[in-house]
Amino acid sequence: MSDPQQVLSARVQHALVAAFGADYAGADPLIRSSQHADLQSNVSLGLAKKLGRAPRDIANEIVAHLDVADVSEAPEVSGPGFINFTLNGGWIAGQATGLLGDPRLGVPRTEHPRTVIVEYSSPNIAKEMHVGHLRTTIVGDAIARVTDFVGDHLIRDNHVGDWGTPFGMLIEHLVDVGDDSPEAGLLRTDPNAFYQAARVKFDSDPVFADRARERVVKLQSGNDPATMELWDELVELSKAYLRDTYARLRVTLADDDIRGESFYNDLLPGVAEDLEAKGLAWLSDGALCAFPEGFTNRDGSPLPVIIRKSDGGYNYSSTDLATIRYRVDKVNVDRAVYVVGSDQALHFRMVFAVAREAGWLPAGKQFEHAQIGMVQGKDGHRLRTRAGDLVKLSDLLAEGVERARTLLDEAERDTAAPKDGGLDLDAIAEDVGIGAIKYADLSTTRDSAYIFDWDRMISFKGNTGPYLQYATTRIRSIFRRAAIDQADLNGPILVTAPAERELALKLLGFGTVVTQVAATAEPHQLCSYLFEVASLFTTFYEQCPVLKADDEATRQSRLSLCAAVLRVLTTGLGLLGVPLPERM
Ligand code: ARG
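Everything numeric here is computed off the predicted structure, so don't read it as measured data. Note that residues are indexed from 1 along each chain, following the sequence as it is written. Where totals are concerned, whole chains, interfaces and linings use all residues; where local detail is concerned, this predicted model gives features only for residues with pLDDT of at least 70, and gives and counts side-chain atom pairs only at 80 or more. To obtain the side-chain values, all non-hydrogen atoms of the structure were included, while hydrogens and water were left out.

A. Spatial organisation of the environment of alanine 353. Counting from the N terminus, the helices are DSSP H or I runs at least four residues long and the strands are E runs at least two residues long. Mapped onto the fold, alanine 353 is located in helix 13 (residues 345–357). Note on contacts: a residue pair qualifies if any of its non-hydrogen atoms lie within 4.5 Å across the two residues. When sequence neighbours within four positions are dropped, the list of residues in contact with alanine 353 reads Pro292 and Phe295.

This is the structure:
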């Protein structure tokens, strides 16, 4: 444990018990950052009533029982009863050196690993992923990587929409154009165009529409081999599209992670029967509906979850209920994180409620909807092109990369340094463009909407992908200039200058942040943290000469501090899935 906040927390807790007895073992020491010192404990204020003593008094008593001499200078009681801590430079230095030598950089492995499903991306097959799916894909991938890193047993799950009524028209369109045709090829490159073409035919050609409807019936019966073969073909072609997209985005989802809606098809009748048998669902206007407790329409009438439509078809909700049962009973998950748009919040609340009432989701299981806010255009609505269409994902990525190239070219023009020959600027622009788009998605609180703004995200200024990428390449270039192998730098890190102290101290918080991101499924916390590290590094680099340090010990220390920063940044950005060019 190297995070001073946690170290002090444990010590104060110990002192509380020593001073006031075992009753206080569970009291939160409330260690917070402080204006007058590094950290402070606010615990005394809350204990005044319970102990019937003045907070300052309590604080003095805690301090009398507190053993922190190795960590901080003598604690001071201030104001109404805060306990202030000024950390020892030597302790910070020792911990930072330890962190540099720790392959996990201070990130603890979870003591009791759980089986965790992170469900994300989940686009609808044969329809292009839109910018909303882009964000669930990117944020979900970061949540998955962090879950894996802290030592839980991770299952990635791509709950693609690969079933249902649109597949009748999609299959018939595939039959018409032929599977070797350029039109079918669109499924690999521009699935939305394929979908739109099928849609147009469906809306304008009644004969085609009838064929499509018949095909749906055959598909849902599941026992027409020719139909299943066509459906398979459609899904396979679409998988190629997903593979390419994920590869370009540097997203870790693989074919094997796809467990689409179709997978749960056989379980749907059981969902309906069991809910009916439990008296939790009944027919309402011909449709089988469940009415979970506490959900009402505006007029106060109970709000239904439709389980089976009046035409006998199942739907999105019944599939999600079957999915919950499967995950609990067959996969034995402890936690399931659904990384899905916040517009589906009511759906998940109701489906989870029905599952709980049915006893399918026991209390110990942590099922949660990690809500993803909308990505908006400048007009505050869903992102669209000037012509009013949803923005095509591949166009969006191409534009990001192009803009990154411009940014890099401008930066190069502005520096007097001779051009670094042999750089693959196309590859670097790809990393910077994709990284910038991903980072913009990740750095905003995940459940808030944000306005898509090229100028803000493709920039070296502020909390952006390029700024953080640049921080890493800057450190690499220091090592390159001095012909130093990063692996040879192992301290000791010394802490003398204030900028060194702040930077080293910040590095010690990495473990706590990563642990928190795993618990809350909120990658933006890691972004904020890494941005602070990079900013403190910038200050350090301005104030503290590294290669030209006054003496060899300081030079070695500062190079080692640079190495620790580089490892924290690369590990952190790696957990976020932001690609890192070696140079830029
Ligand atoms: N395919 C759905 C959509 O595009 C998202 C699926 C979300 N996951 C779930 N278990 N319902 O809206």
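What follows picks up the thread again.
B. Inspection of the nonpolar core at higher detail. Only buried residues count toward a nonpolar core. Its members are Ala, Val, Leu, Ile, Met, Phe, Trp, Tyr and Cys residues joined through side-chain atoms within 4.5 Å. Note on classification: 1.4 Å probe, protein chains only; a residue is buried when its accessible area is under 20% of the maximum for its type, exposed when over 50%, partly exposed between these limits. Grouped together as the largest cluster of nonpolar side chains are 148 residues, with contacts concentrated most on Leu16, Ile62, Leu170, Leu526, Leu530, Phe540 and Leu576. For this core, the leading source of residues is helix 21 (residues 552–576), giving 12 residues. When sequence neighbours within four positions are dropped, the list of residues in contact with leucine 170 reads Ala126, Phe194, Tyr195, Ala198 and Leu234.

C. Representation of the environment of valine 235 in the model. Looking at the secondary structure, you find valine 235 in helix 10 (residues 225–249). Looking at valine 235, the relative accessible area reads 8%, which means it is buried.

D. Looking closely at the pairing of strand 10 (residues 335–341). Within strand 10, 7 of the 7 residues are buried, which leaves it mostly tucked inside the rest of the structure. At least two bridges found by DSSP between two strands is the condition for calling them paired. Bridging between strand 5 (residues 115–119) and strand 10 involves 4 bridges; their strand directions are parallel. Counterpart to valine 118 in the pairing with strand 10 is valine 337. Handedness of the β-α-β unit built from strand 10, helix 13 and strand 11 (residues 366–372) comes out right-handed. By convention, a crossover is right-handed whenever its connection, traced from the first strand over the helix to the second and viewed with the strands pointing away, goes clockwise.

E. Molecular detail of the site of the ligand. Proximity is defined per residue: if any heavy atom of the residue lies within 4 Å of a molecule or strand, that residue is considered near it. In the region of the ligand, the neighbouring residues are Glu119, Ser122, Asn124, His133, His159, Tyr316, Asp320, Tyr338, Val340, Gln344 and Phe348. For the purposes of these results, a polar contact is taken to be a pair of N or O atoms within 3.5 Å, where, inside protein, one atom must be able to donate a hydrogen and its partner to accept one; residues adjacent in sequence count only when each atom of the pair is a side-chain atom. Contact between the ligand and serine 122: a nitrogen atom at 2.9 Å from a main-chain N or O atom of the residue. Elements with a minimum of two residues in the shell around the ligand: helix 12 (316–329) and strand 10. Here the nonpolar group is Ala, Val, Leu, Ile, Met, Phe, Trp, Tyr, Cys and Pro; Asp, Glu, Lys and Arg are the charged ones; every other residue, Gly included, is treated as polar. Residues belonging to the shell around the ligand are distributed by class as follows: 4 nonpolar, 5 polar and 2 charged.

F. Region of the structure containing the sheet that holds strand 4 (residues 82–85). Judged by pairing direction, the sheet is antiparallel, and its 4 strands sit side by side in the order 1-2-4-3 without closing on themselves. Two strands in the sheet have a free side with no partner beyond their single neighbour: strand 1 (31–33) and strand 3 (76–78). Averaged over all pairs of adjacent strands, the angle between their axes in this sheet comes to 35°, without regard to strand direction. Relative to strand 4, strand 3 runs antiparallel, the two sharing 3 bridges. Bridge pairing links valine 77 to isoleucine 83 in strand 4. Helix axes are fitted to C-alpha atoms over the stretch in contact, other axes to C-alpha atoms as well, and angles between N-to-C directions run from 0 to 180 degrees. The strands that helix 3 (residues 55–64) touches are strand 3 and strand 4; relative to strand 3, the one it contacts most, it runs at about 170°.

G. Here's a closer look at empty space enclosed by the protein. Cavities and pockets were defined on a 1 Å grid built from protein atoms only: a cavity is a group of points that admits a 1.4 Å probe but offers it no way out, a pocket is an open group of points flanked by protein on both sides within 12 Å along at least five of seven lines, and a lining residue is one with an atom within 4 Å of any such point. Grid points are joined across faces, edges and corners, and a volume is the space filled by probe spheres set on the points. The final tally for this structure, using the stated rule, is 2 cavities of 30 Å³ or more. The calculated volume of the largest cavity comes to roughly 60 Å³. Forming the boundary of the largest cavity are Pro123, Asn124, Ile125, Ala126, Lys127, Val160, Leu187, Pro191, Ser238, Tyr241 and Leu242. When residues of the lining of the largest cavity are assigned to their parent elements, the largest contribution, 3 residues, is made by helix 10. Here the second largest cavity is characterised by a volume of approximately 40 Å³.

H. Quick look at the state of the cysteines. When two cysteine sulfur atoms are found within 2.5 Å, that pair is recorded as a disulfide. Considering all chains together, one arrives at 0 disulfides under this definition. As a non-bridged cysteine, cysteine 544 has cysteine 562 as the owner of its nearest cysteine sulfur, 9.6 Å distant. Taking relative accessible area as the criterion, cysteine 544 reaches 2% and is therefore assigned buried.

I. Quick look at helix 9 (residues 206–221). Over its 16 residues, helix 9 runs 23 Å from end to end, which matches the ideal 22 Å to within 8%, given 1.5 Å per residue. Its side-chain oxygen placed 3.0 Å from the backbone nitrogen of valine 207, aspartate 205 serves as the N-cap of helix 9. Looking one or two residues beyond helix 9, the residue adopting positive phi is glycine 222, at roughly 75°. How far a helix is expected to stretch is found by multiplying one less than its residue total by 1.5 Å.

J. Focus on the packing of aromatic side chains. Within 6.5 Å between ring centres, the rings of Phe, Tyr and Trp (the latter by its six-membered ring) count as paired, and their orientation is classed by plane angle as stacked under 30 degrees, edge-to-face over 60, tilted in between. All chains considered together, the criterion is met by 17 aromatic pairs. On the basis of an interplanar angle of 45° and a centroid distance of 6.2 Å, the ring pair of tyrosine 338 and phenylalanine 367 is categorised as tilted. Of the two residues, tyrosine 338 is situated in strand 10 and phenylalanine 367 in strand 11; the sequence distance between them amounts to 29 residues. With respect to burial, tyrosine 338 and phenylalanine 367 carry one shared label: buried. Through a chain of ring-to-ring contacts, three or more aromatic side chains come together here, namely Tyr338, Phe348, Phe352 and Phe367. Geometry around phenylalanine 149 places arginine 104 over its ring, the cationic atom sitting 4.5 Å from the centre. Directly above the aromatic system of phenylalanine 263 lies the positively charged group of arginine 259, at a separation of 4.3 Å from the ring centroid. Whether a charge sits over a ring comes down to the Lys NZ or Arg CZ being within 6 Å of the ring centre and within 35 degrees of the ring normal.

K. Just the packing of helix 7 (residues 182–189) against helix 10, in detail. Closest axis-to-axis distance for the helix 7/helix 10 pair is 6 Å, and the angle between their directions is 45°. With respect to their mutual orientation, helix 7 and helix 10 come out oblique. Residue-level inspection shows Ala184, Leu187, Arg188 and Thr189 of helix 7 in contact with helix 10, the latter providing Leu234, Leu237, Ser238, Ala240, Tyr241 and Asp244. Angle categories are assigned with fixed cut-offs, so that under 35 degrees is roughly parallel, over 145 is roughly antiparallel, 65 to 115 is roughly perpendicular, and the rest are oblique.

L. Structural detail: the pattern of salt bridges. One speaks of a salt bridge when a side-chain nitrogen belonging to Lys or Arg is within 4 Å of a carboxyl oxygen belonging to Asp or Glu. Tallied over the entire structure, the rule returns 28 salt bridges. Salt-bridge contacts for arginine 53 lead to aspartate 57; the nearest nitrogen and oxygen are separated by 3.5 Å. Linking arginine 248 and glutamate 430 is a salt bridge whose minimum nitrogen-to-oxygen distance equals 2.9 Å. One end of the pair, arginine 248, is in helix 10; the other, glutamate 430, is in helix 15 (residues 425–443), and 182 residues separate them in sequence.

The analysis is restricted to geometry; functional conclusions fall outside its scope.
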